[in-house]
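# Observations on the three-dimensional arrangement
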Amino acid sequence: MDASEEIVIRFFSQPRNFCAVRAAAEAAALAWRVDEVSAGQVKLALTEALANVAKHGYQGRTDQPICVRLAPEQRDGRPGLAITIEDRCKDVDLEKIKSRPLDEIRPGGLGVHIIEQTMDEVEYTTNPGGEGVRLRMCKFAGPLERNAD
Amino acid sequence: MSDAKNVVTTREDLDDGVLVVLSGEVDLVRSPALRSELMTILDASPARVVVDLSGVPLMDSSGVATLIEVLQIQRSSGGKLVLCGLQEKVQSVFEISRLTEVFTIVSDRDSARSA
């Protein structure tokens with residue numbers, strides 16, 4: 001990746017900010033030759049990821065920092081993008097970030113599942129500084145790799 | 001578009017219930033307003049609630065959660081919830097969440113009146 005192509009957006013955990021950020025991610029995906037359907041999935045996944053940071057990580061606080069990095073990425077000749085979301089949430093157990101059984105018909109708990117189903121690669125790690133979570137997810141043009149079977 | 005106002009643009013009485021037309025993205029910002037509007041409608045125990053989503057280009061899991069809550073209330077009171085006019089991106093959220101068999105989803109308002 002050419003570092004000069006990376007787009008970095010820093011904002012506070014006010015959900016009203018998320019609309020502009022996800023629109024930027026969708027526009028970047030299209031600019032980097034991701035197809036329209038996949039770009040829409042990028043937008044949805046980012047929406048879910050930011051909601052999780054705001055609701056669960058920051059527990060509704062609207063004055064906490066979030067950084068989103070967008071960068072072009074390729075896999076097997078397929079154009080795509082990588083989205084990295086960094087927060088400063090404390091005491092997050094990465095093992096507990098997982099989707100719930102879908103046979104339970106109840107409100108809530110679908111965000112992680114939607115992210116996993118719409119993106120090709122999803123990885124949660126702790127920030128290099130030790131505080132906060134880094135979610136890196138990638139999307140490439142064309143059909144989902146994980147749903148290919 | 002995340003203006004919390006005007007998520008419900010039209011509310012129309014049906015013979016056996018209420019038709020609600022939504023507009024704009026339904027996300028973490030706007031879902032509480034949608035929930036509030038729908039709960040007010042449910043206070044009157046309508047036999048049928050039709051939610052027209054043709055003006056909704058994006059719905060996240062908070063919007064889906066709101067509709068699941070409405071569905072459960074309707075079912076518990078013997079009423080129906082019918083969704084219609086889903087755009088492709090919104091339809092895909094219900095498919096991904098395996099909810100297309102849980103909700104009654106039809107193509108348009110006319111179908112929803114009799115579904």
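Look up a bit, the structure's there.
All values reported here derive from a predicted model rather than from experimental measurement.

What counts as what
- Residues numbered from 1 in each chain as written.
- Chains lettered and ligands numbered in written order.
- Predicted model: local features only at pLDDT ≥ 70, side-chain atom pairs only at ≥ 80, totals over all residues.
- Pairing = 2+ DSSP bridges.
- Helix = DSSP H or I, 4+ residues; strand = E, 2+ residues; numbered from the N terminus.
- Axes fitted to C-alpha atoms, helices over the stretch in contact; angles between N-to-C directions.
- Contact = placed C-beta atoms within 7 Å.
- Expected span 1.5 Å × (residues − 1).
- Buried ≥ 20, exposed ≤ 12 C-beta atoms within 10 Å, placed from the backbone.
- Right-handed = clockwise from strand over helix to strand, strands pointing away.

Attention shifts here to the sheet that holds strand S3 (residues 78-87) of chain A. Residues and elements named next belong to chain A. Taken in spatial order, the five strands line up as S1-S2-S3-S5-S4 in an open sheet, and their pairing is antiparallel. Only two strands of the sheet have a single partner each, and these edge strands are strand S1 (7-12) and strand S4 (121-126). Looking at each pair of strands side by side, their axes are set apart by 20° on average, direction ignored. Across ten bridges, the pairing between strand S2 (residues 65-75) and S3 is antiparallel. Looking across to S3, one finds that Arg 69 is bridged to Thr 84. Contacting S1, S2, S3 and strand S5 (133-140), helix H1 (residues 18-31) crosses the sheet at an angle of about 170° to S1.

This paragraph deals with H1 of chain A. Along its 14 residues, H1 of chain A runs 20 Å from first to last C-alpha, staying within 8% of the 20 Å computed at 1.5 Å per residue. Once H1 of chain A finishes, Arg 33 of chain A follows within two positions and takes phi at roughly 70°, a positive value.

All names here are of chain B. In terms of burial, strand S3 (residues 48-55) is a largely internal element, six of the eight residues being buried. Taken together, the six bridges between strand S2 (residues 17-23) and S3 define a ladder with parallel strand orientation. Looking at S3, one finds that Gly 17 is bridged to Arg 48. Of the pairings in the sheet, the one linking S3 to strand S4 (residues 80-84) comprises five bridges and is parallel in character. Across the sheet, the residue bridging to Asp 52 is Cys 84, located in S4. A crossover links S3 with its parallel partner S4, the connecting element being helix H2 (residues 61-76), and its sense is right-handed.

Nothing here speaks to function; it is geometry throughout.
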